[in-house]
Amino acid sequence: MDFKMQYNSQLEELIMPEYGRNVQQLIREAQKIENEAQQRAYCDEIVILIQQLYPQSKNIEDYREKLWKHIYRISKYQLKALPPSGERPKPEDERKKPELVPYPATTSRFRHYGNNIVLLIKKAVTMEDGPIKSGFVHTIGSYMKLAYRTWNREHFVSDEIIKGDLATLSGGKLNLDDHFDIDSLSNNGRPKNNMSGSNNRPNLNNNRNNPNNPNGPRNNNGPRNNNGPNGPNRNNNNNNNNNNNNNRRRK
């Protein structure tokens, strides 16, 4: 008996391999149906079959409409039946180009400051003159110097550079005073460190000389006083007790 072997390489190429060859053959049978209503009913049964094969995908939004598009794609868009949506899929819908994402236009010369600085400067320009605006501009200058130091740690950052960049970014509408020190704004809020630390440290000498201390007070020379419960006299008391016990046993 002769067997005629068929290899997958000799068969029709699978357009969507995830659905398998049997689904593709069913769609080929649907293409042979001339009646549009019967063809649509046949395709509905194919959609139900695919849903049974992949039940985990039922919760996807518009899943049936997506399956109808896949059926049209496998049939090479040669079906007469319309999908339930009423729109016939087209080959151009397979590869839709995404819309271009608009990127904010930034000044390439001052990228090291970031786009937030530009937004803060625009807000400061619209503010009314007064102490609030002046403090806001000083804060912007302090942040600009901090950002400049982040990207230029090896070079010294002078206040003149920050003041010039602030005037350039604001179009000459914001200016810092020549005698204003930008670093003074950041240093005002810092707590002062107590280098000596004498006020915060406990006085250990007073605790050691306290008579209520269970470890016994210490003399100036360092050894503990013999009167303490943990002092050297404790050993003598223990020896006396042992001698008394031995004498009692001999009697």
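Everything numeric here is computed off the predicted structure, so don't read it as measured data.

1. Considerations on the overall build of the protein chain
Then comes step 1: A count of helices and strands for the protein chain gives nine helices and zero strands.
Then comes step 2: Taken from the N to the C terminus, the helices and strands of the protein chain come in the order α-α-α-α-α-α-α-α-α.
Then comes step 3: Taken across its 251 residues, the protein chain has 24% of its residues classed as buried.
Then comes step 4: Pairs at least 24 residues apart make up 42% of the contacts formed inside the protein chain by residues separated by at least 6 positions.
Then comes step 5: Summed over all atoms, the accessible surface of the protein chain reaches about 19,900 Å², with 47% contributed by carbon and sulfur.

2. Comments concerning the environment of Lys 69
Then comes step 1: Considering the arrangement of structural elements, one finds Lys 69 in helix α3 (residues 63-74).
Then comes step 2: Expressed as a C-alpha distance, the spacing of Lys 69 and Arg 88, which sit 19 residues apart in the sequence, is 8.5 Å.

3. Considerations on the pattern of salt bridges
Then comes step 1: Taken as a whole and assessed by the stated rule, the structure comprises six salt bridges.
Then comes step 2: A salt bridge links Lys 133 to Asp 129, with the shortest nitrogen-to-oxygen separation between them at 3.1 Å.
Then comes step 3: A residue is classified by how much of its surface remains accessible, and Lys 133, at 11% relative accessible area, is buried.
Then comes step 4: Given the relative accessible area of 70%, Asp 129 is considered exposed.
Then comes step 5: Close ionic contact of Lys 145 with Asp 159 constitutes a salt bridge, the shortest N to O distance being 2.5 Å. Of this pair, Lys 145 sits in helix α5 (residues 131-151) while Asp 159 sits in helix α6 (residues 159-169), placing them 14 residues apart in sequence. You'll find Lys 145 and Asp 159 in the same group, each marked buried.

4. Comments concerning the layout of surface pockets
Using a probe with the size of a water molecule, rolled over the atoms, empty space left in the structure can be pinpointed.
Then comes step 1: The volume enclosed by the largest pocket comes to roughly 330 Å³.
Then comes step 2: As for the largest pocket, its lining consists of 16 residues, and the residues nearest its centre are Lys 69, Pro 89, Lys 90, Asp 93 and Glu 94.
Then comes step 3: Residue composition of the lining of the largest pocket, by class: four nonpolar, two polar and 10 charged.

5. Notes on the packing of helix α1 (residues 20-31) against helix α2 (residues 36-53)
Then comes step 1: Close contact between α1 and α2 brings their axes to 9 Å; oriented N to C, the two are set at 170°. In terms of orientation, α1 and α2 fall into the roughly antiparallel class. Facing α1, whose interface residues are Val 23, Leu 26, Ile 27, Glu 29, Ala 30 and Gln 31, α2 presents Gln 39, Tyr 42, Cys 43, Ile 46, Leu 49, Ile 50 and Leu 53.

6. Examining the packing of α2 against α3
Helix-helix packing: each pair is described by the crossing angle between the helix axes and the interaxial distance.
Then comes step 1: Where α2 contacts α3, the axes come no closer than 10 Å and their chain directions differ by 115°. The orientation of α2 relative to α3 falls into the category roughly perpendicular. Considering how the two elements wind past one another, α2 and α3 form a crossing that is right-handed. Where α2 approaches α3, its residues Arg 40, Cys 43, Asp 44, Ile 46, Val 47, Ile 48, Ile 50 and Gln 51 are matched on the opposing element by Tyr 63, Arg 64, Leu 67, Trp 68 and Ile 71.
Then comes step 2: For the contact of α2 with α3, a count of residues per class yields nine nonpolar, one polar and three charged.

7. Points about unusual backbone geometry
Glycine aside, residues mostly have negative phi, and peptide bonds are mostly found in the trans state.
Then comes step 1: For Lys 76, which is not a glycine, the phi torsion comes out positive at approximately 60°.
Then comes step 2: As for its placement among the helices and strands, Lys 76 is situated in the loop between α3 and α4 (115-126).
Then comes step 3: Lys 76 sits in the partly exposed class, given a relative accessible area of 49%.
Then comes step 4: A positive phi is found at Tyr 77, a non-glycine position, where the angle reads about 60°.
Then comes step 5: Following the sequence through the fold, Tyr 77 ends up in the loop between α3 and α4.
Then comes step 6: Owing to a relative accessible area of 22%, Tyr 77 belongs among the partly exposed residues under this scheme.

8. What about a negative patch on the surface?
Then comes step 1: On the surface, a cluster of negative charge is contributed by Glu 61, Asp 62, Glu 65, Glu 87, Glu 92, Asp 93 and Glu 94.
Then comes step 2: Secondary-structure assignment places Glu 94 in the loop between α3 and α4.

9. Points about the environment of Glu 65
Then comes step 1: For Glu 65, the location among the structural elements is in helix α3.
Then comes step 2: Considered as a pair, Glu 65 and Pro 83 are 18 residues apart in the sequence and their alpha carbons are 7.3 Å apart.

10. Concerning the nonpolar core
Then comes step 1: In this structure, Tyr 113, Ile 140, Met 144, Ile 162 and Leu 166 are the most contacted members of the largest nonpolar core, which totals 17 residues.
Then comes step 2: Looking at this core, the elements with two or more residues in it are α4, α5 and α6.
Then comes step 3: The element best represented in this core is α5, accounting for five residues.
Then comes step 4: What Met 144 contacts, discounting residues up to four positions off in sequence, is Tyr 113, Ile 117, Ile 162, Asp 165, Leu 166 and Leu 169.
Then comes step 5: If you look at the next biggest cluster of nonpolar residues, it comprises 16 residues, including Ala 30, Val 47, Ile 50 and Leu 67.

Cut-offs applied
Residues numbered from 1 in each chain as written. Predicted model: local features only at pLDDT ≥ 70, side-chain atom pairs only at ≥ 80, totals over all residues. Heavy atoms only, no water. Helix = DSSP H or I, 4+ residues; strand = E, 2+ residues; numbered from the N terminus. Buried < 20%, exposed > 50% of the residue type's maximum accessible area, 1.4 Å probe, protein only. Contact = heavy atoms within 4.5 Å. Areas by Shrake-Rupley, 256 points an atom, 1.4 Å probe, with all protein chains shown as cover. Salt bridge = Lys/Arg side-chain N within 4 Å of Asp/Glu carboxyl O. 1 Å grid on protein atoms, 1.4 Å probe; cavity = no way out; pocket = protein on both sides within 12 Å on 5 of 7 lines; lining within 4 Å. Points joined across faces, edges and corners; volume = space filled by probe spheres on them. Nonpolar A, V, L, I, M, F, W, Y, C, P; charged D, E, K, R; others polar. Axes fitted to C-alpha atoms, helices over the stretch in contact; angles between N-to-C directions. Parallel < 35°, antiparallel > 145°, perpendicular 65-115°, else oblique. Left-handed = near helix turned anticlockwise from the far one by under 90°. Patch = residues over 30% accessible without salt bridge, like charges linked within 9 Å, V, L, I, M, F, W, Y side chains within 5 Å. Lys, Arg positive; Asp, Glu negative; His and termini not counted. Charge placed at Lys NZ, Arg CZ, Asp CG, Glu CD. Core = buried A, V, L, I, M, F, W, Y, C linked by side-chain atoms within 4.5 Å.

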